[in-house]
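Residue strings, one per chain:
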Amino acid sequence: MKLSSLSRRFVVGVWLALSALGVVAHEMSMAELGLREVAKGQFIWSWGQSGTNQPIATDLSPVWPEGCVAVEEDLSLKCPAAGMIGTLAVDGVGKRYSAALVRIDWLDGQTRVYTITA
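### Topic: the sheet that holds strand β2 (residues 42-47)
Overall, mixed pairing links the six strands, which are arranged β4-β5-β2-β1-β7-β8 in an open sheet. Two strands in the sheet have a free side with no partner beyond their single neighbour: β4 (69-71) and β8 (111-117). Across this sheet, the average inter-strand angle for adjacent strands is 25°, counted without regard to direction. Across eight bridges, strand β1 (residues 29-39) lies against strand β7 (residues 97-105) in parallel orientation.

Structure representation (structure tokens):
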């Protein structure tokens, strides 16, 4: 039995559609780190919701700019008199989380959002 051109296209189309069902990418989540400046060079920080039962802090950890010191117990950060100047990184990005959004609410009312990727 010979298939017409239209029938062959239909069969190929169905085969391609069914083949694509097996190709499903795992979408990685994004984490959010919020910092709020409460006094010149002093911040309160926190992670957003992870969407899982596991806290974000088990997978990611901030690497603060040189001179800034974090106190994990109260999630505070104190930077030198010049303020938070330098490179802020997040260790662990690219494993469970594809990126980390860092939102900084400055004392003067400005807000900045940065995306950190692997």
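### Here's the deal with the environment of Q42
One can find Q42 in strand β2. In this view, Q42 contacts R36, E37, L77 and K78; residues no more than four positions away in its chain are not counted.

### Brief notes about unusual backbone geometry
Here the phi dihedral of L75 falls at roughly 50°; this positive angle occurs in a residue that is not glycine. When you line up the elements, L75 lands in the loop between β4 and β5 (76-78). Under the relative-accessibility criterion, L75 is labelled partly exposed at 31%.

### A closer look at the side chain of S76
With respect to the helices and strands, S76 occurs in strand β5. Residue classification places S76 among the buried positions, given a relative accessible area of 16%. Within the structure, the side chain of S76 is placed 2.7 Å from the side chain of D74, a separation counted as a polar contact. Sequence-distant contacts of S76, that is, excluding residues within four places in its chain, are made with F43, I44, W45, V69, A70 and V71.

So, how was this worked out
- Residues numbered from 1 in each chain as written.
- Predicted model: local features only at pLDDT ≥ 70, side-chain atom pairs only at ≥ 80, totals over all residues.
- Heavy atoms only, no water.
- Pairing = 2+ DSSP bridges.
- Helix = DSSP H or I, 4+ residues; strand = E, 2+ residues; numbered from the N terminus.
- Axes fitted to C-alpha atoms, helices over the stretch in contact; angles between N-to-C directions.
- Contact = heavy atoms within 4.5 Å.
- Buried < 20%, exposed > 50% of the residue type's maximum accessible area, 1.4 Å probe, protein only.
- Polar contact = N/O pair within 3.5 Å; in protein donor to acceptor, adjacent residues only side chain to side chain.

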